[in-house]
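Report on the structure
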Amino acid sequence: MPDQARMLVDRLKSEKGVDYQNDWKVITLFIGGNDLCDFCEDREAYSAENYIGYIREALDIFHAEVPRAFVNLVEVLNIGFASTLREGFICDTIQLFGCRCGSYPDEKEKEELQVFVAAYQKVTRDLVASGRYDTRDDFTVVDQPFFSETEVPTKEDGSTDLSYFSPDCFHLSVKGQEAAAYALWDNMIEPVGQKRISWRPGVPVECPDEQAPYFYTRKNSPKLNQLNKHENIQNDKQENEPENAEKGSTMRNSATITGAVLGVICLVAAVCGTVYHIRKKRQSSSYLKI
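Below you will find a few notes about this structure. Here the structure is a predicted model, which means the values were calculated and not measured.

**Looking at the side chain of N78**
- Checked against the element boundaries, N78 lands in the loop between β2 (69–74) and α4 (88–98).
- Within the local environment of N78, its side chain forms a polar contact with the backbone nitrogen of G80, the two atoms lying 3.0 Å apart.
- One polar contact links N78 to Q114, side chain to side chain, over a distance of 2.7 Å.
- Setting aside residues no more than four positions away along its own chain, N78 makes contact with Q114, V117 and F147.

See below:
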């Protein structure tokens with residue numbers, strides 16, 4: 001992760017047409033699935049302490065060198081679902097060699113996996129809550145928990161919907177990436193302490209509140225909402241989902257337009273090993289209020 005962070009910073013500095021000092025950047029870190037896939041092979045190497053240590057190094061690089069940046073730190077997905085993706089010889093073989101601890105765990109390893117997942121998510125929240133990256137007005141890191149309790153999508157007959165996954169039956173497909181992007185967007189416009197902790201098909205894409213047309217951070221979120229209220233917020237959102245479902249298409253279009261107005265988006269996705277960078281000029285960054 002530190003190497004990827006360094007590579008991204010170097011690319012931002014050398015990218016033609018980018019005003020490195022003045023353009024806003026949105027950077028998203030999503031990592032940990034592969035670590036959990038191998039945790040049972042070396043519990044010390046894949047400990048929560050080592051996991052967050054690499055993330056801290058990467059964030060320290062961004063904090064020290066990248067001006068005007070909004071960093072999303074996405075909590076790791078519970079890869080216990082991998083055992084439900086064993087569909088056919090090819091997937092079974094890939095899962096056996098690519099994610100043995102998630103796809104073929106014994107009973108003890110199943111229990112340990114949940115402990116590791118919870119530990120990874122906790123150290124992620126704790127690092128952000130420490131205030132380590134809240135020392136400047138033009139830089140922040142926000143914990144985005146939409147994956148923390150997300151379950152694998154299913155079809156009407158209850159079987160796993162593999163259309164959300166790539167041919168390796170583990171990484172997200174284009175459809176899965178799109179769903180994750182919508183869920184991330186919703187988290188970004190939800191106050192800290194009121195963010196959804198799961199996603200499922202059919203959940204509408206939200207539009208920013210007219211009274212708060214910006215991305216929420218620890219600093220600009222209502223202080224009373226800083227406490228962890230995940231369960232209550234999730235229940236409230238699920239109760240409101242049916243009546244909001246019809247608005248999904250309109251909201252999706254609105255969110256897409258709003259996203260275009262946003263400005264620079266840089267995506268560091270460790271699971272896919274891909275870095276995306278989208279830029280836009282300073283004047284169009286109306287949703288950034290750190």
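There is more to say, and it comes next.
**Notes on the packing of helix α3 (residues 48–65) against helix α6 (residues 107–129)**
- Remark: α3 packs on α6, axes separated minimally by 9 Å, with the N-to-C direction vectors making an angle of 35 degrees. Crossing of α3 against α6: the hand is right-handed. Of the residues in α6, those in contact with A48, Y51, I52, I55, R56 and L59 of α3 are A119, Y120, V123, T124 and L127.
- Partitioning the contact of α3 with α6 into residue classes produces nine nonpolar, one polar and one charged.

**A word on α3**
- Over its 18 residues, α3 runs 26 Å from end to end, which matches the ideal 26 Å to within 8%, given 1.5 Å per residue.
- Of all the positions in α3, only A48, Y51, I52, G53, I55, A58, L59, I61, F62 and H63 are classed as buried.
- Close packing links the buried residues of α3 with α1 (2–14), β1 (25–30), β2, α6 and β3 (139–144).

Parameters at a glance
Residues numbered from 1 in each chain as written. Predicted model: local features only at pLDDT ≥ 70, side-chain atom pairs only at ≥ 80, totals over all residues. Heavy atoms only, no water. Helix = DSSP H or I, 4+ residues; strand = E, 2+ residues; numbered from the N terminus. Polar contact = N/O pair within 3.5 Å; in protein donor to acceptor, adjacent residues only side chain to side chain. Contact = heavy atoms within 4.5 Å. Axes fitted to C-alpha atoms, helices over the stretch in contact; angles between N-to-C directions. Left-handed = near helix turned anticlockwise from the far one by under 90°. Nonpolar A, V, L, I, M, F, W, Y, C, P; charged D, E, K, R; others polar. Expected span 1.5 Å × (residues − 1). Buried < 20%, exposed > 50% of the residue type's maximum accessible area, 1.4 Å probe, protein only.

No statement about biological role is implied by the geometric values presented.
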